[in-house]
Amino acid sequence: MSDRTPLIAGNWKLHKTIAEAEQFIQALLPRVSTAEGVDVAICPSFTALEAMVDSTRGSRVAVYAQNMHQADHGAFTGEVSAAMLTELDVGGVILGHSERRELFAETDRALAQKVPAALAAGLVPVLCVGETEEEREAGDTERKLRHQVQEGLARVDAERLGEVVIAYEPIWAIGTGLVATPEQAQDAIAFVRALVAGRSREQAERVRILYGGSVKADNAAELLALPDVDGALVGGASLDPESFAEIVAAALEG
Ligand code: 13P
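Residues numbered from 1 in each chain as written. Predicted model: local features only at pLDDT ≥ 70, side-chain atom pairs only at ≥ 80, totals over all residues. Heavy atoms only, no water.

Enquirer: If you had to explain the sheet that holds strand E3 (residues 61–65) to someone new, which residues and values would you point to?
Expert: Read around the barrel, eight strands follow the order E1-E2-E3-E4-E5-E6-E7-E8 and close on themselves; strand pairing throughout is parallel. Going across the sheet, the axis of each strand differs from the next one's by a mean of 25 degrees, ignoring polarity. Sheet topology note: the strand E1 (residues 7–11)/strand E2 (residues 39–43) ladder contains five bridges and is parallel. The residue of E2 that forms the bridge with Ile8 is Val40. Sitting on the sheet, helix H11 (residues 241–253) touches E1, E2 and strand E8 (231–234), and the angle it makes with E1 is about 160 degrees. (Pairing = 2+ DSSP bridges. Helix = DSSP H or I, 4+ residues; strand = E, 2+ residues; numbered from the N terminus. Axes fitted to C-alpha atoms, helices over the stretch in contact; angles between N-to-C directions. Contact = heavy atoms within 4.5 Å.)

Enquirer: Describe the nonpolar core, with residues and values.
Expert: Residues Ile8, Leu28, Ile42, Leu85, Leu153, Ile166 and Tyr211 are the most contacted members of the largest nonpolar core, which totals 71 residues. Element by element, the count of residues in this core is highest for helix H8 (residues 182–197), at seven residues. If we ignore the near neighbours within four places in the chain, the residues touching Leu85 are Phe46, Leu49, Ala65, Asn67, Met68, Val80, Val90, Val93 and Leu123. (Core = buried A, V, L, I, M, F, W, Y, C linked by side-chain atoms within 4.5 Å. Buried < 20%, exposed > 50% of the residue type's maximum accessible area, 1.4 Å probe, protein only.)

Enquirer: Go over the layout of surface pockets with me, naming the residues and quoting the values.
Expert: Considered as a void within the structure, the largest pocket measures approximately 450 Å³ in volume. Along the walls of the largest pocket sit 18 residues, with Lys13, Leu14, Gln66, Arg100 and Phe104 positioned nearest its centre. Broken down by element, the residue count for the lining of the largest pocket peaks at three residues, all from helix H4 (residues 98–103). Counted by class, the lining of the largest pocket contains seven nonpolar, seven polar and four charged residues. (1 Å grid on protein atoms, 1.4 Å probe; cavity = no way out; pocket = protein on both sides within 12 Å on 5 of 7 lines; lining within 4 Å. Points joined across faces, edges and corners; volume = space filled by probe spheres on them. Nonpolar A, V, L, I, M, F, W, Y, C, P; charged D, E, K, R; others polar.)

Enquirer: Mind laying out the site of the ligand, listing which residues take part and the relevant values?
Expert: By nearness alone, every residue bordering the ligand is listed as Asn11, Lys13, His97, Glu169, Ala173, Ile174, Gly175, Gly213, Ser214, Leu233, Gly235 and Gly236. Lys13 places a polar side-chain atom, nitrogen or oxygen, 2.8 Å from an oxygen atom of the ligand. Gly235 places a polar main-chain atom, nitrogen or oxygen, 2.9 Å from an oxygen atom of the ligand. The protein chains hide 96% of the 310 Å² of surface that the ligand would expose on its own. Partitioned by chemical class, the residues of the shell around the ligand number three nonpolar, seven polar and two charged. (Near = heavy atom within 4 Å. Polar contact = N/O pair within 3.5 Å; in protein donor to acceptor, adjacent residues only side chain to side chain. Areas by Shrake-Rupley, 256 points an atom, 1.4 Å probe, with all protein chains shown as cover.)

Enquirer: So, the packing of aromatic side chains: which residues are in play, and what are the values?
Expert: This model, assessed by the stated rule, comprises three aromatic pairs. Taking the centre distance of 4.8 Å and the plane angle of 75 degrees together, the rings of Trp12 and Phe24 count as edge-to-face. Here the residue Trp12 occupies a position in the loop between E1 and helix H1 (18–32), and Phe24 occupies one in helix H1, the gap between them amounting to twelve residues. Taking the relative accessible area as the measure of exposure, Trp12 reaches 0% and is therefore buried. The exposure class of Phe24 is buried, given its relative accessible area of 3%. When the centroid spacing of 6.4 Å and the interplanar angle of 55 degrees are considered together, the rings of Tyr168 and Tyr211 count as tilted. With Tyr168 in strand E6 (residues 165–168) and Tyr211 in strand E7 (residues 208–212), this residue pair connects regions lying 43 residues apart in the sequence. An identical accessibility class is assigned to Tyr168 and Tyr211; each is buried. Among the aromatic residues, those joined into a cluster by ring pairs are Trp12, Phe24 and Phe244. (Phe/Tyr/Trp six-rings, centres within 6.5 Å; stacked < 30°, edge-to-face > 60°.)

Next up, the structure:
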């Protein structure tokens, strides 16, 4: 076990109105109040961020956004800046989720600006990377990860790399019920850590790398026990307070 604090983050995607989010958080807070030694975050929609920040104040649950624009301001209809998130006391932001890359044309080039912009604003960036099924079958997993990690972190100063969180989410495991084997998860995440070590060995020991893709209460413990896996980015199973709390509990044991 490393001395990196595990992080369990729930990516709600396009789910939960404010009323639904309030119901969730009231059920979650008592279930995770004793989870000392695990960082917990929920990532609601933009519209529920403020309510969730208010409802989690003084608790161990942080609130992260699901996306952010790299510019401070400008003619970017529909976008949200880092300052708009920090004004609400949001603590971090998911960047480059595969759904944003695939469905909304998010590019590595934009991510190369988003990650340092988030850090500069005091937000924890959660940079998502991962290969498609075709890329894995073609033996292209490492090439894809190398490209995404190097591009996403290109403009982050080496001494700040440890402040970034990276989420390895194989696309074929997202929302499919197909979870990476422990060996696949460990190999890919160790590879990502080695990429960071190429910039700074010291920061590679600090950087937290999460696994994401069909994490559930019944498979979390095995994944979280892997030496390089520092937590989980959870989609579907984060929508239910009980199953999300069980995953947090698995991190306590891991
Ligand atoms: P699932 O846990 O639903 O597979 O989603 C994973 C994910 O995309 C988290 O960001």
